[in-house]
Structures are given as structure tokens and as C-alpha cells.
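Single-letter residue listing:
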Amino acid sequence: MQREGFIGGSAGIRIRVAGGVLLVAHLAFVAWLTLRPLDVPWMTPPNLTPLAGIRADLALGWQVGARRIVEGLALLAPLGVLLPALHGRLWASTLGSLVRTVAAGALISLGIELLQTSVPGQVVDIDSLLLNTVGVALAHTALVPAGRAWLRRRTRRRERAALRQDDAPQGRTPTFPRVGIAP
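Residues numbered from 1 in each chain as written. Predicted model: local features only at pLDDT ≥ 70, side-chain atom pairs only at ≥ 80, totals over all residues. Heavy atoms only, no water.

## Let's talk about the overall build of the chain
Okay, step 1: Across its full length, the chain carries six helices and zero strands.
Okay, step 2: The order of α-helices and β-strands along the chain, N terminus first, is α-α-α-α-α-α.
Okay, step 3: Residue burial in the chain is summarised as follows: out of 183 residues, 30% are buried.
Okay, step 4: Pairs at least 24 residues apart make up 79% of the contacts formed inside the chain by residues separated by at least 6 positions.
Okay, step 5: In the form shown here, the chain has an accessible surface area of approximately 12500 Å², with 67% of it arising from carbon and sulfur atoms. (Helix = DSSP H or I, 4+ residues; strand = E, 2+ residues; numbered from the N terminus. Buried < 20%, exposed > 50% of the residue type's maximum accessible area, 1.4 Å probe, protein only. Contact = heavy atoms within 4.5 Å. Areas by Shrake-Rupley, 256 points an atom, 1.4 Å probe, with all protein chains shown as cover.)

## Some thoughts on a positive patch on the surface
Okay, step 1: Among the surface-exposed residues, Arg 153, Arg 156, Arg 157, Arg 160 and Arg 164 lie close enough to one another that they form a single positively charged patch.
Okay, step 2: Structurally, Arg 157 can be placed in helix H6 (residues 126-167). (Patch = residues over 30% accessible without salt bridge, like charges linked within 9 Å, V, L, I, M, F, W, Y side chains within 5 Å. Salt bridge = Lys/Arg side-chain N within 4 Å of Asp/Glu carboxyl O. Lys, Arg positive; Asp, Glu negative; His and termini not counted. Charge placed at Lys NZ, Arg CZ, Asp CG, Glu CD.)

## Quick look at the pattern of salt bridges
Okay, step 1: The final tally for this structure, using the stated rule, is two salt bridges.
Okay, step 2: Notably, a salt bridge pairs Arg 68 with Asp 57, separated by 2.7 Å at the nearest N-O pair. Linking Arg 68 in helix H3 (residues 62-75) with Asp 57 in helix H2 (residues 52-59), this pair joins segments that are 11 residues apart in sequence.
Okay, step 3: Overall, Arg 68 belongs to the partly exposed group, its relative accessible area being 34%.
Okay, step 4: Overall, the relative accessible area of 16% leaves Asp 57 in the buried class.

## Let's talk about the packing of aromatic side chains
Okay, step 1: Considering all chains together, one arrives at one aromatic pair under this definition.
Okay, step 2: The positively charged end of Arg 36 is found above the aromatic ring belonging to Trp 32, 4.4 Å away from the centroid. (Phe/Tyr/Trp six-rings, centres within 6.5 Å; stacked < 30°, edge-to-face > 60°. Lys NZ or Arg CZ within 6 Å of the ring centre and 35° of its normal.)

## Comments concerning H2
Okay, step 1: Of the residues making up H2, those classed as buried are Gly 53, Ile 54 and Asp 57. Angular distribution of buried residues about the axis of H2 spans 100 degrees; they occupy a single face of the element. For H2, the exposed residues set more than 90 degrees away from the buried face come down to Arg 55 and Ala 59.
Okay, step 2: A positive phi of about 130 degrees marks Gly 61, the residue just after H2. (Arc of directions from axis to C-beta.)

## Notes on the nonpolar core
Okay, step 1: Membership of the largest hydrophobic core is limited to nine residues, which are Leu 23, Val 30, Leu 75, Leu 76, Leu 79, Leu 82, Leu 83, Ile 112 and Val 136.
Okay, step 2: At the level of secondary structure, the elements contributing two or more residues to this core comprise helix H1 (9-34) and helix H4 (79-87).
Okay, step 3: For Leu 23, the residues in contact, after removing those within four places along its chain, are Leu 79, Leu 82, Leu 83 and Leu 86. (Core = buried A, V, L, I, M, F, W, Y, C linked by side-chain atoms within 4.5 Å.)

By themselves, these observations are geometric and do not establish any function.
So this is what it looks like as C-alpha cells:
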């Protein structure tokens, strides 16, 4: 039995499976990128002051600052699309989906930052947590509502076509109103 609001049929299963596989692949890539030891001659102290690292990056020049900001936004941005695809709800609340996805993205980013404390050459940075979370929110806001609307329109068109096809060959089946039993 299909649960209400989920993408049904084999297409829905394919979307969820593809979302799960891509999510695992992306998280493996992020873990490899952020949790590998680095051989550096010196270490900067951990940045626990919000926006201090972004200000320091922008002080180096706008090109360097913009590149580092875009890298921070893009690192976990695919989670903004992959997490809702894994969930597979077609009729979900836009705000509720955004809150769930951003919260999950923030927790994943926090987990990465906490794991970096034990990796040589990696430093904890609160700004990367903020940028990663904003990247997840931007990706979700830009792509998920439009994708769900497109899937809903496609589902409605298929349902209407199926209804018209059922009515075409012999017409509709006559129905009789139910009559209650007299006392």
C-alpha cells in the first residue's frame, strides 16, 4: 500500500535510491576532502569567532575571499537536494522540508568540524560551519520547490491521462446509489 504524499511507483523508488547512492558518495567525498591529514609547516589557531575568518579572507583580496566563501558554500550544498530526494515526499511542506534539511546539514557540518579536531593539519573553523549551512539552505531553496512542483504536475498529467484512457473504449461503468435497509 502506498503512503499518502510519497512519489509512487518505480520512478519514486528510483529517485530515492539514486538520492541515497549520491548522498553516500558525496559524504564520502566530503569526508576524504575535509578529514585527511595535511602536512603543513605551521598551524593557525581554531576560529571560534563567527565571521572572523571571512573578514580575514576578504582582507587578502576580494578574489581570494570570494573563492574561499564559494568553496565553503559549495561543500555541503548538494545535501540541500539529496536529503529531500532521499526522503521522497512529493507533497511535503516547503518550510518544514527546508527546516529539516538545514538542520541535518548543520549537524553534518558540525560533526565534520568536531572530527577535524583529531586530524593533524585540520583546524576547527566556525565560519565553515556557517557557510556550509547557508549553502545547504540556498541549494534547497533554489532547487527543491521547483523540482517538487514539476513532479506534481507530471503526476497530475499522468493521472488525468489514465482517467481519460479508462473512459474511452466502452464508456464509464454505471453505478447504482446504495439504498439503505428500511427499519
